[in-house]
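The primary structure of each chain is shown beneath.
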Amino acid sequence: LVGHFYKDGIMSAEKVLDACFNGMIREKHALGLYPGRVGTSEIFLSASAAPMGGVIVGLGELGELNGYQLELSVTQGVSKYLLELREMEASCKEDFNAMFQSGVGLSALIVGCGYGGLSIESSLKSIILGVKKANESIRALNNPLIKKVEHVEFIELYEDRSLQAFYTLKKL
C-alpha cells in the first residue's frame, strides 16, 4: 500500500512498483487514470511479479492531507483490493492459492508522514482504521467468497522512523 498526491509524479516506492508491473503505473498516470484525489485507488495484481501486487491510494492535494482523509482512501483502496482478489480467485484459483498461502495480507508504507505532513502515529492509526473499516464493509456484504485482510505489515526504509513506528504500534 502506497499513497499518491494529486498531480504528483511517479517517484520513490511507486517508481519501484512501476518497474515490477512493466511500466503500467506510469502509463495509467500519463493517461490520467491514476489515483490522486482522496478516496481514489488503483490495484495491481500479478502472480508472477515481486511484489505480487500493489494498492495505490489517493492522498489529495499536497499539504492538505489529514488522518481522516488517509483513513477514507485506505478504506476505499483496501475494499477495492479485496473485491479484485475475489475476481482473481474465481478466474485462477491456483495463482490465488499460491499468492495467499498464509492468508490475505497487506504490506503498507507509513503513508503520508514526512512529505505528507502526518505524524507516524496518525499515519499508522489511519491505515489500521482504514483496513478495519474495509474488512467491516466487506463483512457486511455477507459474501463468504470475499476474503478479508488478516494481517498488515508496515515497511519503512529508515531505522529511526521504523523504531518510532514500532514503539507507536506497541502503544496502540
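Our subject is the structure listed above.
Values in this document were obtained by computation on a predicted structure and should not be read as measured data.

What counts as what
- Residues numbered from 1 in each chain as written.
- Predicted model: local features only at pLDDT ≥ 70, side-chain atom pairs only at ≥ 80, totals over all residues.
- Heavy atoms only, no water.
- Helix = DSSP H or I, 4+ residues; strand = E, 2+ residues; numbered from the N terminus.
- Expected span 1.5 Å × (residues − 1).
- Buried < 20%, exposed > 50% of the residue type's maximum accessible area, 1.4 Å probe, protein only.
- Arc of directions from axis to C-beta.
- Contact = heavy atoms within 4.5 Å.
- Patch = residues over 30% accessible without salt bridge, like charges linked within 9 Å, V, L, I, M, F, W, Y side chains within 5 Å.
- Areas by Shrake-Rupley, 256 points an atom, 1.4 Å probe, with all protein chains shown as cover.
- Salt bridge = Lys/Arg side-chain N within 4 Å of Asp/Glu carboxyl O.

(A) Region of interest: helix 5 (residues 120–140). With 21 residues, helix 5 extends 30 Å from end C-alpha to end C-alpha; this agrees with the ideal 30 Å at 1.5 Å per step. Looking only at helix 5, the buried set comprises Ile 120, Ser 123, Leu 124, Ser 126, Ile 127, Gly 130, Val 131, Ala 134, Asn 135 and Ile 138. Axial view of helix 5: buried residues confined to an arc of 165°, hence all on one face. On its buried face, helix 5 is in contact with helix 3 (67–91), strand 4 (105–109), strand 5 (151–155) and helix 6 (159–171). Looking one or two residues past helix 5, Asn 142 carries a phi angle of roughly 55°, positive in sign.

(B) Just a nonpolar patch on the surface, in detail. Taken together, the side chains of Met 11, Leu 62 and Tyr 115 make up a nonpolar region of the molecular surface, amounting to roughly 310 Å² of accessible area. Topologically, Leu 62 is positioned in the loop between strand 3 (53–58) and helix 3.

(C) How the structure looks around unusual backbone geometry. Residue Pro 51 is bonded to the preceding Ala 50 through a cis peptide linkage, with omega at 5°. Summarising the element assignment, Pro 51 is placed in the loop between strand 2 (41–45) and strand 3. A positive phi angle is found at Asn 22, which is not glycine, with a value near 55°. With respect to the helices, strands and loops of the structure, Asn 22 is situated in the loop between helix 1 (13–20) and helix 2 (24–30). Even without glycine at this site, Asn 142 takes up a positive phi of about 55°. Counting through the fold element by element, Asn 142 comes out in the loop between helix 5 and strand 5. Note on Asn 142: relative accessible area 68%, which makes it exposed.

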